[in-house]
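Results of the structural survey
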Number of protein chains: 2
Amino acid sequence: MENNIKISYPDSEKVYLHGKIYPDIRVGVRRINLTPTIKMEKGKRVEKPNEPLLVYDTSGPYSDPEIDIDLRRGIPRMRESWIEGREGTQMFYAKQGIVTPEMEYVAIRETMDCKQRGIDTYITPEFVRQEVAAGRAVIPANRRHPESEPMIIGPRFRVKINTNIGNSANNSNIEEEVEKAVWSCKWGGDTIMDLSTGADIHDTREWILRNCPVPLGTVPMYQAFEKVDGKAEKLTWEIFRDTLIEQCEQGVDYFTIHCGIRLQNIHLANSRLTGMVSRGGSIISKWCQVHQKESFLYEHFDDICEICRQYDVAISLGDGLRPGSTHDANDAAQFAELDTMGELVERAWAHDVQAFIEGPGHVPMHKIKENMERQIEKCHGAPFYTLGPLVIDIAPGYDHITSAIGAAMIGWMGTAMLCYVTPKEHLGLPDKDDVRTGVIAYKIAAHAADIAKGFPGATLRDDALSKARYEFRWKDQFNLSLDPDRALEYYKQSNDVGGRYCTMCGPHFCAMRISQTIEKCDEQ
Amino acid sequence: MENNIKISYPDSEKVYLHGKIYPDIRVGVRRINLTPTIKMEKGKRVEKPNEPLLVYDTSGPYSDPEIDIDLRRGIPRMRESWIEGREGTQMFYAKQGIVTPEMEYVAIRETMDCKQRGIDTYITPEFVRQEVAAGRAVIPANRRHPESEPMIIGPRFRVKINTNIGNSANNSNIEEEVEKAVWSCKWGGDTIMDLSTGADIHDTREWILRNCPVPLGTVPMYQAFEKVDGKAEKLTWEIFRDTLIEQCEQGVDYFTIHCGIRLQNIHLANSRLTGMVSRGGSIISKWCQVHQKESFLYEHFDDICEICRQYDVAISLGDGLRPGSTHDANDAAQFAELDTMGELVERAWAHDVQAFIEGPGHVPMHKIKENMERQIEKCHGAPFYTLGPLVIDIAPGYDHITSAIGAAMIGWMGTAMLCYVTPKEHLGLPDKDDVRTGVIAYKIAAHAADIAKGFPGATLRDDALSKARYEFRWKDQFNLSLDPDRALEYYKQSNDVGGRYCTMCGPHFCAMRISQTIEKCDEQ
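Below is a short write-up of the structure. In this text the structure is predicted, and so the values were computed from the model without any measurement. (Residues numbered from 1 in each chain as written. Chains lettered and ligands numbered in written order. Predicted model: local features only at pLDDT ≥ 70, side-chain atom pairs only at ≥ 80, totals over all residues. Heavy atoms only, no water.)

Section: the interface of chain A and chain B
The cut-off we apply is this: Two residues qualify as a contact provided that any one of their heavy atoms is within 4.5 Å of a heavy atom in the partner residue. Summed over both partners, the accessible area (1.4 Å probe) lost when two parts come together is defined as the buried area. Salt bridges are identified by distance alone: a Lys or Arg side-chain nitrogen within 4 Å of an Asp or Glu carboxyl oxygen. Two N or O atoms count as a polar contact when they lie within 3.5 Å, although within protein this holds only if one can serve as hydrogen donor and the other as acceptor, and sequence-adjacent residues are included solely when both atoms are side-chain atoms. Secondary structure is summarised from DSSP: a helix means a run of H or I of at least four residues, a strand means a run of E of at least two, and numbering begins at the N terminus for each.
On the chain B side, the residues contacting the 105 residues of chain A number 106 residues. Roughly 8800 Å² of surface becomes buried between chain A and chain B when both sides are summed, with 69% attributable to carbon and sulfur atoms. The largest contributions to the chain A side of the interface with chain B come from I394, Y398 and F509 of chain A, which together make up 10% of the buried area. Summed over the shared surface of chain A and chain B, the number is 0 salt bridges. Inspection of the region where chain A meets chain B yields 18 residue pairs in polar contact (both at pLDDT 80 or more). Only α7 (220-227), α9 (279-291), α14 (399-413), α15 (432-452), α16 (460-470), α17 (474-479), α18 (484-494) and α19 (511-523) of chain A provide two or more residues apiece to the side of chain A that touches chain B. When residues in the side of chain A that touches chain B are grouped by element, the largest group, 10 residues, is from α15 of chain A.

Right, here's the structure in full:
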């Protein structure tokens, strides 16, 4: 493995914003430097500077040239001093009226350069505290994962995206998974789920965690299932509990647990076109069915919360009955589980454990709103975390697109985090390039949602890019885009020069060029 | 050039549906044959057949093995006998209460196998006639383009997609453009616009038209502009008129004309971030500005209609002031032009000329609804034909995705045709692979819209694919997908066998596999 991975963005610098309550807080952001606008005024060439743009940065220390990275050693443990001697969870402190360093950190991170640009923002450290206290936002931050930079998941904040990585029995290795994790951070993944199911689950996770500047989630059932050689009926609470503790100790920030599956509801999936498509959900359902008992995940939910509380691990209530086809969307099985989740999330809060709710899956556009509204109602405002949803079923190979449509819409309606889908969905495991494509597709969906919901300052980057585009500042246009490398690559395929037109229209037919001569007519 | 291009789809056959009013009508559709479902019942292997699926087919004679294709000769002139002796337009006949063969053709084409599957449909030849008579739907079908298979554009029909091809001064050649045209038909493009601006405009168009089974649109201004060497101020009505007639004679089915630009409104674009981004719009605006006169496109609109009427060419009222950035969406400039379009569309109808309205462009999600509602109100129900819209500006290289989000939403709200956007948008001219990606992204958007608006039978294909997926009928899953080749290619990258799981989860973790064993528990 190459031990010194670095991330760089063109014409960008890593800069740090500082805290007021906690002056030692350093929030890393990316500053994109722009070239000046060049205009002819009364026959003279005039340069007008364009202010640099600060953008949200998930790349952690990898993009700081001052920091030596050594994957064997792990990245700097930036939260270590904040955590020392701490006993409560973020939610506990929030309820006590205490603003933690993590809360101030995310308040700065969410708003960045709003202030200096005169944009009003409601997001203050105190606002963050209130949202966490109310359960409407989650800061996933295991005390054993001090390498992670604080981020927040809640409907009144920027829409976040999660990327799934991880090997299966047939594929992939540790090195590749660590590379994918860093790669996800480069392109903008806000959290990562390690869904490994093959050999080396523990070691793979350890390597990722020690080098991961974003929160890491897992589905602990996968490892428990390996421990019983893939025989669902052999699972026990004790095996599951030990797995939870093992992963808490390692530093996992949130667990997907399918506690919402009730014995009485499993049969509801039988009339479906595509049954159950959640791995965790199908495993625990099988256990319930074989033993004809309520699941130990449901029965021991308070014990699970107690374990999570000790480490400040958040619970992601997994949707074991999420629909696997548009046909099965919003059906009785899905909604029955949602009701149970609404009950469980309040129990988690009673333990001061942060929680959010997972959602589908496959939902046609006209059923998305009902899904979102019902989640808000039944789950008391807890953040929603959806996979897509895919709005059609007939495009395997392009499901990053079918799902980005649903994701953008549900993000606008209030979903707090979107789990990405790659082009390989339904077909195989994503490789590095699929991860990149999936992340960008979801950055698009999340950003579209931020703009539509009127998130403060969300349009700054769009406006800067559009201005650069209109002024033929090609380099700035590329640098401001979500994937500068790809934009430049495509441009170069058909253009030699960075002139005042491109090959799309050629020089005569460039509308923007003509448009500018019209403006000049007016000015005369 | 290879003269015998063929199109084939895996495990599919070309079949023809016949007319009742006009028994000689043969509507080509693609029949996808499926393998049987294999189940174990009481220890015995039982095969249950799956009915083949009929799907809408834009590939024309290219997918009929019985037809010899020779690009030099052109494809069969299937509408020739219907057109002979005809004088009126589709709209003229519709208003007279006459159902044309084209109307019955599209009625059959839109509904396909609804009847045999017992799905109610309101789409009858008479319904088509009423929609065309009212101006709510357009059948673009120049009498000089008998090679074209009738299709219909209107909000109560399937959402259609258009693909733009064409060379510019710097790029591409005739052979490539014909290949792209057939390629577009293969993947599902419903119409094609030839936006060539370089040399050989006339010949490129001729080759495309004679081999094009779908309606072809152009922006005649591009050719007129070449005739005056790219000097907008030198344009005249006469030059434009002659270009129109030349293209009518060749067989172009619809013209984008930017008649909606009024001298008094041009200044409204000055306060924009990105001015004008329509090529035709900027050219005619420049003409107006230089001459300080109302445009000859607006002044001669009735003459334009008369020319179009003679050939039954439809007018696509071009949106010269469409926004080029989300910042400029829904602004005074755009809406002023929309008002003018509303006036012009009624004048077109008075000439029995079919017309539709072009729309943006760049619109954030929360402004899409206003755009659509205003179009319906101001343009008296004439079909809307939008480019995307792109919902954010910061993803050059991925604008097929940013725009598919907007396209799906606006299609659901009532837009009749979606103009595709390829990954090369804003960066360069699309190559063949970009055309394929752009078409599939837009088939996704259009299909998502059809499902959301409840188009009769729209979910048949999704349900068939989902069933195949759940039953591990991999081949059927691929064959039913929008791009079978890509799905198979991705699957093969990580899977050797077509077994009862894939590498995504491996055998133990396959949720669908476990889910099926749960169903069996229940059956016992």
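From this point on, the discussion continues.
Thoughts on the side chain of Q250 of chain A
Residues and elements named next belong to chain A. The condition that has to hold: When accessible area is computed with a 1.4 Å probe and restricted to protein chains, residues below 20% of their type maximum are described as buried, those above 50% as exposed, and intermediate ones as partly exposed.
Residue placement: Q250 occurs in helix α8 (residues 237-250). Residue classification places Q250 among the buried positions, given a relative accessible area of 5%. Within the structure, the side chain of Q250 is placed 3.1 Å from the backbone oxygen of H202, a separation counted as a polar contact. A distance of 2.6 Å separates the side chain of Q250 from the side chain of R205, its partner in a polar contact. Not counting residues up to four positions away in its chain, the partners in contact with Q250 are R144, H202, R205, E206, L209 and R210.

Focus on the packing of helix α13 (residues 368-378) of chain A against α14 of chain A
Helix packing for two helices is described by the angle between their axes and how far apart those axes are. Residues and elements named next belong to chain A. For clarity, the cut-off: The convention used is that axes are lines fitted to C-alpha atoms, helices contributing only their stretch in contact, and that angles between N-to-C directions extend from 0 to 180 degrees. Working definition: roughly parallel below 35 degrees, roughly antiparallel above 145 degrees, roughly perpendicular at 65 to 115 degrees, and oblique for all remaining angles. Crossing handedness follows the turn of the near helix against the far one: under a right angle anticlockwise gives a left-handed crossing, and clockwise gives a right-handed one.
Close contact between α13 and α14 brings their axes to 10 Å; oriented N to C, the two are set at 40 degrees. The angle between α13 and α14 places the two elements in the oblique class. The hand of the α13/α14 crossing is right-handed. Counted together, I368, K369, M372 and I376 of α13 and G406, M409, I410 and M413 of α14 form the full contact between these two elements.

Structural notes on the side chain of E294 of chain A
Residue and element names in this part refer to chain A. The topology assignment puts E294 in the loop between α9 and α10 (296-299). Within the structure, E294 has its side chain in polar contact with the side chain of R262 (distance 3.0 Å). Side-chain polar atoms of E294 contact the backbone nitrogen of L263, separated by 2.8 Å. Not counting chain neighbours up to four residues away, the residues in contact with E294 comprise I261, R262, L263, W287, C288 and E299.

Let's talk about the pairing of strand β4 (residues 44-48) of chain A
All names here are of chain A. Keep this limit in mind: By the convention used here, strands pair only if DSSP detects at least 2 bridges between them.
Looking at chain direction, strand β3 (residues 37-41) and β4 are connected through 5 bridges and run antiparallel. Bridge pairing in β4 links T37 to K48. Counted along the chain from β3 to the antiparallel partner β4, the turn is 2 residues long, and its residue K42 has a positive phi close to 50 degrees.

Describing the sheet that holds strand β8 (residues 216-218) of chain A
All names here are of chain A. With parallel pairing, the 8 strands of this closed barrel are ordered in space as β6-β7-β8-β9-β10-β11-β12-β13. With strand direction ignored, the average angle separating the axes of adjacent strands in the sheet is 25 degrees. Relative to strand β7 (residues 191-194), strand β6 (residues 160-165) runs parallel, the two being bridged by 4 bridges. Paired with N164 across the bridge in β7 is M193.

That's the geometry; what it means functionally is another story.
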